[in-house]
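Each chain, letter by letter, is given below.
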Amino acid sequence: RGRLPWLIYGLMLVLLAITAILTVWNDSFEAFVAIAILMMLGYGTVGALVASRIPSNPLGWLMLTIGLGFVLVGLTSELVTYGYVTEPSASVPFLDLAVWLSNWVFFVVFMPIPLILLLFPTGRVHSPRWRWVPAAVVAIAVISAVAVMLNPGPVDNDVVRVPNPTGVESLRPVLGPVLFASTAGLFIIAVASVVALFLRFRRASGDERQQIRWLAYLAALACVLLVGTVVSSLSVEGDQFIPVVEAIWLALFACIGVAFPVAIGLSIIRHGLFDLDLVIKRTAVFAVLVASLMVVGGVATLLIAAGVVPSLDERPPLLLLAGVLFGLLLLPLYRFSKWLADRLVFGGRSTPYEVLTEFSGRVGSTYSSEDVLPRMAQLVGDATRARSSRVWLRVGRELQEVAR
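Per chain, residue numbering runs from 1 following the sequence as it is written. In view of the model being predicted, local features appear only for residues whose pLDDT reaches at least 70, and side-chain atom pairs are presented and counted only at 80 or more, with totals across whole chains, interfaces and linings using the full set of residues. Side-chain measures were taken over the full set of non-hydrogen atoms in the model, leaving aside hydrogen atoms and water.

**A short note on the overall build of the protein chain**
The secondary structure content of the protein chain amounts to 16 helices and two strands. Type-normalised accessible area, obtained with a 1.4 Å probe on protein chains alone, sets the label of each residue: buried when under 20%, exposed when over 50%, and partly exposed for intermediate values. Counting across all 404 residues of the protein chain, residues that qualify as buried make up 38%. The long-range share in the protein chain, meaning contacts at least 24 apart out of those at least 6 apart in sequence, stands at 68%. Only the protein chains shown count as cover for residues, with accessible areas throughout obtained via the Shrake-Rupley method and a probe of 1.4 Å. Accessible area of the protein chain: about 23000 Å², with a carbon and sulfur share of 68%. Secondary structure counts use DSSP, requiring at least four H or I residues in a row for a helix and at least two E residues in a row for a strand, with both numbered from the N terminus. The contact criterion used is simple: two residues touch if any of their non-hydrogen atoms lie within 4.5 Å.

Structure below.
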């Protein structure tokens, strides 16, 4: 059983190599292709690792399915492009099969995502009342895929419009409502899976709560990046390229495609990994600092555009002065970002002594039992900025140093 995940992973790598070659031949390599490759490798690698180590947990197999499905989506798309656009006169093997698969194979990628949210991290739903939901996810996805296979008309493909080879014209009146209902069902199931993860987090304790925190943190980060992508895209006119929009977009897909599977894999294989408070705080500091600099830069751009401030590129001394002033803003903005991050992450505990007032509560809710004593020493040292800190336990009449 431990070899099967790696055999599937090897097949995925072979198909991925073929897809990469076709991408070069089709001259279709772009930023999204690079992110897609990272997503394939991320889900495939972690899925194979989890499935080989814990074969009874379905999460590893689901991540393998996402990786393999993503490869099939890319392979069929590039194969259709090569056969109909790059070399239309060439005899491309499995071209008709690729056209047919490209019509519905995306369901293989979508279906495991709500299942992972429903079953993470134990491989089981959090309550007996939710036992029917995974089966409903599979059923709705299968019905949707079959309906797309039988739907008459052209294949839903951006490259070529050819008739669906398995379409049944007599089923057209029925398949329309079925597709509408199944699409609505998939949306409802997706929302329900997020709600299930939230409910599991509220009821979890100990190691399981620590595991879910990783995925919850990344999900929150992905939501922030998604909002940033949407908001920044509103300022783009037509096909105009803005590096900030591209950077946020790439960060979003990197979070979903790389950070998600890594966090899931680590949380399943190991328990009680790290405290996320420091990670969240540093992320918040960076986010606030970047947002503040963007606001300052945006205001400066508006002032220049409105003619309030003369064009800087026409006056080099003024440009130099603006650069110096912008640099001097870094320190106060960093201090403001750090202050705000303390408030966002630790609430009112912005100073070391405020942290110590809720010391026992933080330790009990944040760390797994085997890490309490070492983390206790670290937290006391960090909170008081002491050069060293030690934890002693009384055993009988003796004191023993257990952590420093």
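Still more to cover.
**As for the side chain of Asn57**
Positionally, Asn57 belongs in the loop between helix H2 (31-53) and helix H3 (58-86). We call two N or O atoms a polar contact when they sit within 3.5 Å, provided that within protein one can donate a hydrogen and the other can accept it, with sequence-adjacent residues counted only if both atoms are side-chain atoms. At 3.0 Å, the side chain of Asn57 forms a polar contact with the backbone nitrogen of Leu59. Residues within four places of Asn57 in sequence aside, it is in contact with Pro121, Thr122, Gly123 and Ile268.

**What about the pattern of salt bridges?**
The working definition used for a salt bridge is a side-chain nitrogen of Lys or Arg within 4 Å of a carboxyl oxygen of Asp or Glu. The full count for this structure, using the stated rule, is three salt bridges. When the shortest N-O distance is used, the salt bridge between Glu401 and Arg390 registers 3.8 Å. Taken together, the residues span a long stretch of sequence, with Glu401 in strand S2 (residues 398-403) and Arg390 in the loop between helix H16 (372-384) and strand S1 (391-395) at a distance of eleven residues. Across the pair Glu401 and Arg404 runs a salt bridge, and its minimum N-O distance is 2.6 Å. We classify Arg404 as exposed; its relative accessible area is 62%. When salt bridges with common partners are traced through the structure, they connect Arg390, Glu401 and Arg404 into a single cluster.

**Some remarks on the packing of H3 against helix H6 (residues 112-119)**
Between the N-to-C directions of two axes lies an angle of 0 to 180 degrees, each axis being a line fitted to C-alpha atoms and, for a helix, fitted only over the stretch in contact. It is at 9 Å that the axes of H3 and H6 come closest, and there the two elements cross at 160°. With respect to each other, H3 and H6 are oriented roughly antiparallel. In this structure, H3 crosses over H6, and the sense of that crossing is left-handed. Between H3 and H6, the contacting residues are Pro58, Leu59, Leu62, Met63, Thr65 and Ile66 on the first element and Pro112, Ile113, Leu115, Ile116 and Leu119 on the second. Under the grouping applied here, Gly and all other residues not named as nonpolar or charged are polar, the nonpolar ones being Ala, Val, Leu, Ile, Met, Phe, Trp, Tyr, Cys and Pro and the charged ones Asp, Glu, Lys and Arg. Residue classes in the contact of H3 with H6 are distributed as ten nonpolar, one polar and no charged. Angle categories: roughly parallel below 35 degrees, roughly antiparallel above 145, roughly perpendicular from 65 to 115, and oblique for all the rest. Handedness of a crossing follows from how the near helix is turned relative to the far one, being left-handed for an anticlockwise turn of less than a right angle and right-handed for a clockwise one.

**A few points about unusual backbone geometry**
Positive phi, close to 60°, is recorded for Phe94, a residue that is not glycine. Assignment of secondary structure puts Phe94 in the loop between H3 and helix H4 (95-101). Residue Phe94 is classed as exposed on the basis of its relative accessible area, which comes to 63%.

**Here's the deal with the packing of aromatic side chains**
Under the pairing criterion, centres of Phe, Tyr and Trp rings, with the six-membered ring standing for Trp, must be within 6.5 Å; the plane angle then separates stacked pairs below 30 degrees from edge-to-face pairs above 60, leaving the rest tilted. Applying the stated criterion across every chain yields a total of four aromatic pairs. Centroid distance Trp25 to Tyr82: 5.7 Å. Interplanar angle 40°. Geometry classified as tilted. Of this pair, Trp25 sits in helix H1 (residues 4-26) while Tyr82 sits in helix H3; the two residues are 57 residues apart in sequence, bridging distant segments of the chain.

Honestly, it's all geometry; don't read function into it.
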